[in-house]
Structures are given as structure tokens and as C-alpha cells.
Amino acid sequence: MALPLHYTGVLPLASGVLVAAGVAAALARRDGSRLLRYGLLAAVLGWPLYVSAFVRLDYSLKEVFWETSPGLPAWMRIASSWAGGGGSLYLFAVLASLAGLYLLQRHRRRSFQVLLGSIVLAGLAAAFLNDAFTPMQGHPASGAGLNPLLKSPWLYPHPLSTFSGYALLAVAAAAMLTGERRRCLVVYELGWALLTIGIMLGGYWSYETFGWGGYWAWDPVETSELMVWLVATVLPHLLMTLPSLSAFNSAWLLSSVFMAMYVTRTGLSPLHSFAAPSAGALVLLAAGLTPAAYAVYLAARRGEEALSEAAAVLRRRQSYTVGLLVAGLVLAAAAVYVYGTLFLPSILTAIGREVSVPQMESGIRYFHPVLYPVLVVLLAAIPLAFTGDKLGWRGYAALTASTAIVATAFGLAAYRGTYLLAPLSPLATNAMMAFGLPWALVAAASVLAYLAYKLRLGPRRLLADRLTSVSLLHLGLAVTVIGVLLSGTYAFNTKYTWYYQLKPGDSIELPGGARLVFEGYSYGISNSTVDIYTDYVGRSSTYMLAWSTINYIKSDIVGFLNLYNQGKQLVARNKTIDWLLGIARKSPLALNKTLVVKANATLKLFDLERNTTVVLASGEPVEIILSNASININLNMNPNTGIMSVNLLLVAGNLAIVLPRKAPLEQKIGIHQFIGIEPGKPLSIAVDGVNITVSRAALLSEALLFAGQGRPLDLKGRTISGSNAALYIYGSIAAPGGSGIEVPSQLPQAVSAYIVASADPTMRRVIRLIEHSSIYSILTNTSRLEAVISSPKCLGGVHGCMGYVAAPRLVPETAWLDVKLRLDRGSSHRDVRVRIRFEAYGEVQGIHGLVSKVIPIANGLGDVYVVVSPPVVEGYIGGRAAYHELLIYYLHEAFKQLPPEKRLALAALMAAGYNIDVLRDGVVDNSERQQLEATLMDLYLLAENFNPANSTIAREGLHVEVKVIPGVRLVWLGPLVMALAAVYAAASRVAAYREGGR
């Protein structure tokens, strides 16, 4: 019997016990700091052991199975330890423990011990509940593979900086709540710097991974990081202006950290869809709601005191503190708005409700109208804080008024289209860019003026000034805003993209004077394998959809193929049917003579509108004359039953029927009338080798045939005449020397299937490909097909074989397309080699496996953004879908080692992963069912018929997208300046504490 706890969880469990004991001691008013220290140390010491399991590929730990594979380099295996939900939460607990050990050296209040211990316990509990230390059931043959998007060097800096920021800010907030004001600020500033860098790195990761140029999409995880950053940024502003609210702000900051981690773990994000809700998420939510409630209590209790503090700041009219107050209040308003946006969806997801959070286009419409004015006010406050004492209130008012006039003039000109900063974007977007840039430029200039003034007093004065780091921080903010205003719409909007197809040897001119040359390419596939069966089969949504798709194939395509084969055999045995089909394909057959038929017959005029019948002849001699006649064989299929009917019409360019006597009425025979003809005995008509026997017929006018759009028949005297009329024949038709077929009649369903397939060029081609493919032997053998979706073992299960697909346990991990490019700038040349990856397990996991390659090329302060993707291959079945060629190449190579049944199973899994979005609403409709079937058949046939030597790249070219994104490098530079300024502030504090200690 397997233990419920993996060995890597022993130290974290001991840590939890010791920390809980320390918290209990503190609550009992005893010093629990020693127990707490031991517990924090155990959490930290457990981390190297935990990471070693990933490095050694110890699949006895479930997280190792899901986050690693043999093909993952050792240096990436370390990072995979925090790639999953449980591992990242354990990392948070470890980082919080390190910060706690630092602060416990001097700050040992029991209240701090309780809060610190609770933070670490929440992280550890959430890690345990998110399977960080859950043993693997069974014995996987390999790992399942790291999320393809996480298989990147950015897995180191972004999560490490973000979770370090969260941990340090949470611990600093706990220390500040319990009265610490010195060391906690060092931890706070380092945490703020790390979170700032983490947000920037996350934006850059998106920018150079997703391939559409965007670095911010109001994705819920991005929004949650911004929420923490805003709340954390409010703190220093209120510390100096509204100190009575510092405890409120600290509690709010602690709440925001846990709320952000909850959002990350609940799968609200499409970009972070690898996260899924779990029991551990409720721990994070509870850890977020508790300090939130306390924060509300503190705000209500100290609201009046805060108002009096604000009034005192305004009365003193010190420009720096007034600027801090204004900035703090607008930041707080922004933080409340963002926090509130995520708060309600978080609660609803916890009770099992489906919610949507504003993101992408809806996020722009939701957040920008509120946060943009806040940003402008914040920018306006920066000159007040840093140059207000030199300018004076009148000077600042003049500067603000001048900036407002210039900004308004530029904004109105852009809104009217007089000039456009972004010609393909809405006028409102241009107006926002034009209005915001003057404010950001003035803010940056004011900070630079302050730094220049201090530098004139001497470098030592500049370095010793406590506001140097603060001014640099605000300079970084202004630079970031300038970058966002210049680049945001270009990065987000795909309208700015140019599309190219490059064949080897082709080149394109890039903006900025560079030329990109496509020199060559090669495909490759890894020797390392991943396990796509263990812990998937019968459980994952991809397997469920693959199982359903094969059942659809069994019901639809196999049934049709069997009918087609039966029909093919029937046609081959029955020469008359074969002849009839040939006649039908050639129909209408023109007769090269006038056809005259004389016989005794009964003719009746039927009026469908009046429901009356008039006898025109009763077993009397009549003469039927057909000029410019043709034989029409119509094959009509009932769309509901699939049964095909055979109809025979003799169509005459000119028709005349001579009656034995004058008709009892004179009228035109139009849309609501027809004439029934019943000969006294069946008539035999032999013309051009076609033998027609007429038992009875119906004479239809052109008006009736074409629903009133044609001409009626004339009935005058003894003659009925008209043009383009038709005799609908009831009788039989026979091939020369063959037996007859009744008309009208119904063909066997098998013959109908054969006729339909034969008449459709696409279906003929697909059937021909199937017949020459290894899949044919499965589709024509029910037992072999059944073995792919059922087995004796699964039949004995609770749910039968639902979700069972006999897929190969091990498949190649990665396929790639290596592309060799050359970048020419004047006389300089630089080789650019890129690798586009397809991680097969990504499709099986339902997160897609293709990772295109982005090449950002510096162009001043902006980028020429180049995306290289594999070409697209059209499917065989009616053009229902297209597939990137790297997927086809992967299956082509994987099929070489697999029998047909395993090929079908693997193709079904890929088809399911490729179409996983059809499960979003939980129902597969008929159109989606056909799409799944077409994808499976396409993938199988394309893979077997793929020829790397005749790649689509050679024939049609590589897919390249290019866009220019101005100012985007400022978006990365600004946060870097801010973070370095915060680190400098922290170092200055540490130095000051040491100096004071001496």
C-alpha cells in the first residue's frame, strides 16, 4: 500500500507542525519564536530535497511526473519544481520563511509570530492540497512533460521574482501590522522591487512567446499582479501622509497577496489555463479574506483620524507631502477598483459558479476609462512632489495648466484625425495617447530637473539624499508610461501586422532598413519520450473527447464506408445500374429527331388549386409530338433518410398533343395544373439505344417545373402546345440488352452512398486515400476498431470504457522546425537561427503544443517584431480545417513505430487536443461532431502521406509575420529603473541602520 505522503513532504510536514506549535504558543501568550524558527528552517531545508526529486526525475512524486520529462535539460528541471500549482506554493512558503527568519532576529512580538506562522502555514497547506507532495499512483514509463509555454528560460526570473515579491510583501505587511517599522521596510522595498521586475518579466515573456506582440492583455493573473503592486505602492505614500491608515494598508496588502495567488490557482486566466481550481485554492481564499475583513474594520475605526491627518497635510501646503497625498489617494482608488474587480469573481468561483473577468478587449473597455484618469492625476502629482518647492504653488499651477492645455490640444487634434500616432487604431485610442504623453514627459522632466539640481550640489549629496531613490523610482514610472502610450496599441492590435510567405532564398525588407533572408530549414524529432497514457486514460478531457471522436467515426464514417463498399459491389454486379449512373452523369441526353407517339389513351387535366378534374380524352386516339427533345435522368437524395430516388423526364423544346376532339374548355395550363396521361397499354419507346416503357405519364408545363417562372401550356381547340415542357414518366428504363429499372424508384441505400461518394470529387479523393491507407484495415474491421476504444479491463470499470483509448504509452516528446535566417543591415550580416517547437503532450494535455518563435529586432526605442511559424496544411475533407505542418510531421514520424490501431489512437488524441475548445460548453453539436471526425481523418491521412522532401515550405513558403512596435523598449526599461531604485532604497536603509548601530 502506497503511503499518502511522499518522502519530499516529510520536512514540509514537520515544518507545518512546528510552525503551528509556535503559533499556538504565541496565542497562549508564550514565546513561540524558537518553535517558529525551527519550523521555518525545516521548510527551507526541505526545498533542496524537493528540487532534487525533479532533477533526478523521481516519478514517484506526482508533480515530477506532470512537470518533467527525460528530454528536459537538467537546468530546466530545477525550474520545473515551481512550475506546478503545489510547487509554486511551497516556494512561496520557503521564501516567506526566509523573510520571516530575517525579521525574527529583532522583531519577536507574539502577534508577529502568529501572523508570520499563519502566512507560512497557509502556503504549506495550499501546497499539500495542490498535490505538491502527493505520491504517484502506478509506475509511469516517463514524465508527462512540462507545459510547452513554460519550457523557457523565463521560467526562472518571472515566477521567482513574482513569488519572492509576494512572499516578502506579505511578511513585511505582517511585521508592519504588528509594530515593526525598520527592518520590515527593507523587506517591503525588496519585495516591491521583485514584484515590479516580475510583472515586467511576465509582460516580456508574453511578448516574446505568444506571437501577437502583446505584453498586457488584462489577463486575470496579470490583473492580480497589478492589484498587489498597486496596494503595495499605496503603502509608502500613506505612511508619510496618513499614518493612521498604515495598519489598514498593511492588512489590505496581505489580503491582496493571497487573493492574487488564489486567482492564479483557479484557472480564471486563458493565458494561464494550465492552472486549475483545487481544494488548496480555498485555503488561499480564506487567507485573503481574513485580513481583508480586518482591513475594513481598521478603515472604519480610523477613518476620522485619517481625515484629520489629510486636512493637516493640506493646511501645511508642503508640496512634497501634498503630492504624496494626492498620489496615494488616486493609487488607493485604482487599487480598490482592481481589487474589487477580482474579489467577487473569486468568491463566486469558490462556490462553484462560472464567472468571467474582464480581459482582452473587454478588459480595455472596463479598466481604461477608470485607470487612465487615475494615471493622469498621478503623473500630475509628480512635478508637485519633486519641483513644487522650487516652482512654488503659482509656478506649479502654471506648469499644470500649460501641460493640460497642450495635452488637450494634442488630444483633440488626434481625436479629430488631424494627426494620428497610431493610424489603424480608433480615434479614441489616438486621443488617449496624445493627451497622456505631455503629462508623462513633464513628469519625467520634473524628476530629471530634481536630480540635476541635487547633482549640482555634489555627487555625495545626491547619493546621501533619501529622495534620490524615490525620484529615480518615479522617473522609471514616467518612462514606463511613455513606453506604454507609444507601444500599447501597436503591440495589442493585430492590424499592424504584415504577413509574408517566404520560400528558401526569399527575403523581405524590414522597417528600419534591415533585410531578413530565409536561407534554409530542417525538421527534427526527439529521441526522448513522454508518457501520454498513465494518469490520463479514462480521466482527462482529451481522452474523453478522443474516445467520443472514435465512436463518431465508428457510427458515421465506418457505416458510410461499409455502405459505399456494398454499393460499389452492387453496381459492379448490376450492369443496368452502372449504365444508369453513366446515363445520369451525362444527362440530359439530347435526341436528334422529333419523337412522335400515337396511342389510345385517357387524358385528364388536374387543377390543384380548385381541386377539379377535366377529362380531355377517354381511351381515345391521341398524338404526342416532341421536338428538340432530351432524356433527363434525375437522381434525388432525401437528406433525412439518405435514400436516393430515380426519376425520368422527357423534356421537349417544343411539345404538341393532338386530342381526338375539341377540348371542353380553352385556357392556359400553368403553375397549378398538369395533365395526366394513361395509355390503354404500356408504350414502348426505343430511342438512341434507350428503351423506355411508359405505364403512365404526367405532362408538366415550364411554369409548373420552375414554380411560375416559366411559360404555361396553351390549350386551344384539339391541340395542347408549349415549350420546354416535360413528360414525367412512370414505367421503366432499360439498358440495351439489359433488364429494366422502374421509374420513379428508390435505389438501395448502399447504391445511394456509392453514387454520392462517386459524384463528389473530394469524397472520391478521400475514399481513395483511405483505401490506400493503413486506416482502411481498421475501418473495415469492427473488432479492430472496437479494440481501440474498449478492453476487458475497462469494461469491468465503474463507467465502462468511457474515456478509454488504447493510445501508445510512450511517444516522442518534441518535434521541431529549425529555420536559418540572415539579418542584413547595410554591410553587416547576422545569422539568426530559430527553433519552432511542437510538444506533442501539449495537445494531449489540452493546452496546445505549438510554440512559434518571436524575433524582436531593435529599432531605436522600439522593435521590429518578427514571428516565424510553420506553414499551414489544408485538410482533405471539404476544407473543414487546416493544420500546422509541424503537427503533421510529428505524426508522420511517430507513426513509423506504431501499428494502425495505435496510430488511430494517437491521431484521435491529437484531434481532440486540437479541438479541445468544443468542450467549453459541455455539449458537442452536430457541426462540432463533423469537425472532430474530419480532423481525425485528416490528421491520419496527412501524416501517412507526408513527404518532408516535398514540404509545404518548399512549395508555398514559411509563414512570417512582421509588425513595428514603437517605444516598447521603454516598457522594459522603466520597471528596471523602478526596481533598482527600490533596491537602492533598501540598501540605504540597511546602511543607515548599521551606521546607527555603531
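Right above here is the structure, for reference.
Colleague: How do you make sense of the sheet that holds strand 21 (residues 853–859) when you look at a structure like this?
Modeller: Note: strands within a sheet are paired through backbone hydrogen bonds, in either parallel or antiparallel orientation. The strand order across the open sheet built from four strands is 1-25-22-21, with neighbouring strands paired in antiparallel fashion. Two strands bound the open sheet, and with one partner strand each, they are strand 1 (498–502) and strand 21. Averaged over all pairs of adjacent strands, the angle between their axes in this sheet comes to 25 degrees, without regard to strand direction. With respect to the sheet, helix 8 (residues 183–207) is in contact with strand 21, strand 22 (862–869) and strand 25 (958–965), its orientation differing from that of strand 21 by roughly 110 degrees.

Colleague: What am I meant to see in the packing of aromatic side chains here?
Modeller: Enumeration according to the criterion identifies 49 aromatic pairs in this entry. When the ring of Phe 410 is compared with that of Tyr 419, the centres are 6.0 Å apart and the planes differ by 85 degrees; the resulting orientation is edge-to-face. Ring centres 4.3 Å apart and planes at 40 degrees place the aromatic pair Tyr 490 and Tyr 496 in the tilted group. You can call Tyr 490 buried: its relative accessible area is 12%. Lying over the aromatic face of Tyr 730, Arg 696 brings its terminal NZ or CZ to 3.8 Å of the ring centre. One residue, Arg 835, lies across the ring of Trp 816, its end atom 4.2 Å from the ring centre.

Colleague: Mind showing me how you'd approach the pattern of salt bridges here?
Modeller: Pairing between side chains of opposite charge can happen when their charged atoms approach one another. Scanning all chains against the criterion turns up 22 salt bridges. Among the salt bridges present, the one from Asp 535 reaches Arg 539, with a minimum N-O distance of 2.4 Å. Owing to a relative accessible area of 15%, Asp 535 belongs among the buried residues under this scheme. Taken together, the shared-partner salt bridges connect Lys 151, Glu 813, Arg 837 and Glu 839 into one network.

Colleague: Where do I start with the pairing of strand 8 (residues 644–658) in this structure?
Modeller: Two faces, one strand: in a regular strand the side chains alternate between the faces of the sheet. For strand 8, the buried fraction is high: twelve of the 15 residues fall into the buried class. Sheet topology note: the strand 7 (residues 612–637)/strand 8 ladder contains 14 bridges and is antiparallel. Bridging from a neighbouring strand, Asn 634 pairs with Asn 647 of strand 8. Where strand 8 lies against strand 14 (residues 719–734), nine bridges are found, and the strand directions are antiparallel. Note that in strand 14 the partner of Leu 649 across the bridge is Tyr 728.

Colleague: Would you mind showing me how to read the sheet that holds strand 19 (residues 828–839) here?
Modeller: Spatial ordering of the open sheet is given by 2-3-18-19-20, a layout of five strands whose pairing is antiparallel. For this open sheet the edge positions go to strand 2 (507–509) and strand 20 (850–851), each flanked by a neighbour on one side alone. The sheet contact formed by strand 3 (residues 515–525) and strand 18 (residues 814–825) spans ten bridges and is antiparallel. Bridge pairing links Phe 518 to Leu 821 in strand 18.

Colleague: Whenever I open this one, the environment of Val 283 confuses me. Can you help?
Modeller: Structurally, Val 283 is set in helix 11 (residues 279–316). Sequence-wise, Val 283 and Val 17 are 266 residues apart; in three dimensions their C-alpha atoms are separated by 17 Å.

Colleague: Sorry, what's going on with the environment of Ala 491 here?
Modeller: Counting through the fold element by element, Ala 491 comes out in helix 16 (residues 467–492). Placed 393 residues apart in sequence, Ala 491 and Leu 98 show a C-alpha to C-alpha distance of 38 Å. Setting aside chain neighbours within four positions, we find Ala 491 in contact with Trp 212, Gly 213, Gly 214, Tyr 215, Lys 963 and Ile 965.

Colleague: Would you take a moment to explain a positive patch on the surface for this structure?
Modeller: Side chains of Arg 585, Lys 586, Arg 764, Arg 765 and Arg 768 sit close together on the surface and give a patch of like positive charge. Contributions of two or more residues to the positive patch are made by helix 19 (575–586) and helix 22 (761–771). If you tally residues by element for the positive patch, the top one is helix 22, at three residues. Its place among the elements puts Arg 764 in helix 22. You can call Arg 764 partly exposed: its relative accessible area is 39%.

Colleague: Hey, could you run me through the layout of surface pockets in this one?
Modeller: It is the rolling of a water-molecule-sized probe over the atoms that shows where space remains empty. Computed from the structure, the second largest pocket encloses a volume of approximately 1,400 Å³. Trp 216, Trp 218, His 368, Leu 375 and Val 484 are the residues nearest the centre of the second largest pocket, which is lined by 47 residues in total. Secondary structure elements with two or more residues in the lining of the second largest pocket: helix 8, helix 9 (220–241), helix 12 (319–350), helix 13 (360–415), helix 14 (427–456), helix 16 and helix 31 (968–997).

Colleague: Got a minute to help me understand the side chain of His 158 in this structure?
Modeller: One can find His 158 in helix 7 (residues 157–177). Polar side-chain contacts of His 158 include one of 3.3 Å to the backbone nitrogen of Gly 202. Apart from the residues within four sequence positions on either side, His 158 is in contact with Gly 198, Leu 201, Gly 202, Trp 205 and Glu 225.

Rules and cut-offs
Every chain's residues receive numbers from 1 upward, in the order its sequence appears when written. Note on the predicted model: pLDDT of at least 70 is required for a residue's local features to be given, and 80 or more for side-chain atom pairs to be given and counted; whole-chain, interface and lining totals, by contrast, use all residues. By convention in this description, side-chain values take in all heavy atoms of the structure and omit both hydrogens and water. When DSSP locates at least two bridges between a pair of strands, those strands are taken to pair. The secondary structure listing takes helices from DSSP runs of H or I that are at least 4 residues long and strands from runs of E that are at least 2 residues long, numbered from the N terminus. For helices, the fitted axis covers only the stretch in contact; all axes are lines through C-alpha atoms, and the angles between them, taken along N-to-C directions, range from 0 to 180 degrees. By definition, residues are in contact when any of their heavy atoms lie within 4.5 Å. Note on ring pairs: Phe, Tyr and Trp rings are taken, using the six-membered ring of Trp, and paired if centres are within 6.5 Å. Classes follow the plane angle, with under 30 degrees stacked, over 60 edge-to-face and the rest tilted. Throughout, exposure labels follow a simple rule: accessible area from a 1.4 Å probe, protein chains only, divided by the maximum for the residue type, with under 20% read as buried, over 50% as exposed, and the rest as partly exposed. Geometrically, a lysine NZ or arginine CZ counts as sitting over a ring once it is within 6 Å of the ring centre and also within 35 degrees of the ring normal. For this document, the term salt bridge refers to a Lys or Arg side-chain nitrogen within 4 Å of an Asp or Glu carboxyl oxygen. Residues form patches when they are more than 30% accessible in relative terms and have no salt bridge. Like charges link within 9 Å. Nonpolar side chains (Val, Leu, Ile, Met, Phe, Trp, Tyr) link within 5 Å. Note on areas: these come from Shrake-Rupley sampling with a 1.4 Å probe, and a residue is covered only by the protein chains present in the view. We treat Lys and Arg as the positive residues and Asp and Glu as the negative residues; His and chain ends play no part in the count. Working definition for charges: the position is that of NZ of Lys, CZ of Arg, CG of Asp or CD of Glu. Lining residues are those with an atom within 4 Å of a point, where the points come from a 1 Å grid over the protein atoms alone and group into cavities, where a 1.4 Å probe fits but cannot get out, or pockets, open sets with protein on both sides within 12 Å along at least five of seven lines. Grid points are joined across faces, edges and corners, and a volume is the space filled by probe spheres set on the points. Contacts described as polar in this section are N or O atom pairs within 3.5 Å, which, within protein, must combine one atom able to donate a hydrogen with one able to accept it, while residues neighboring in sequence count only if both atoms come from side chains.

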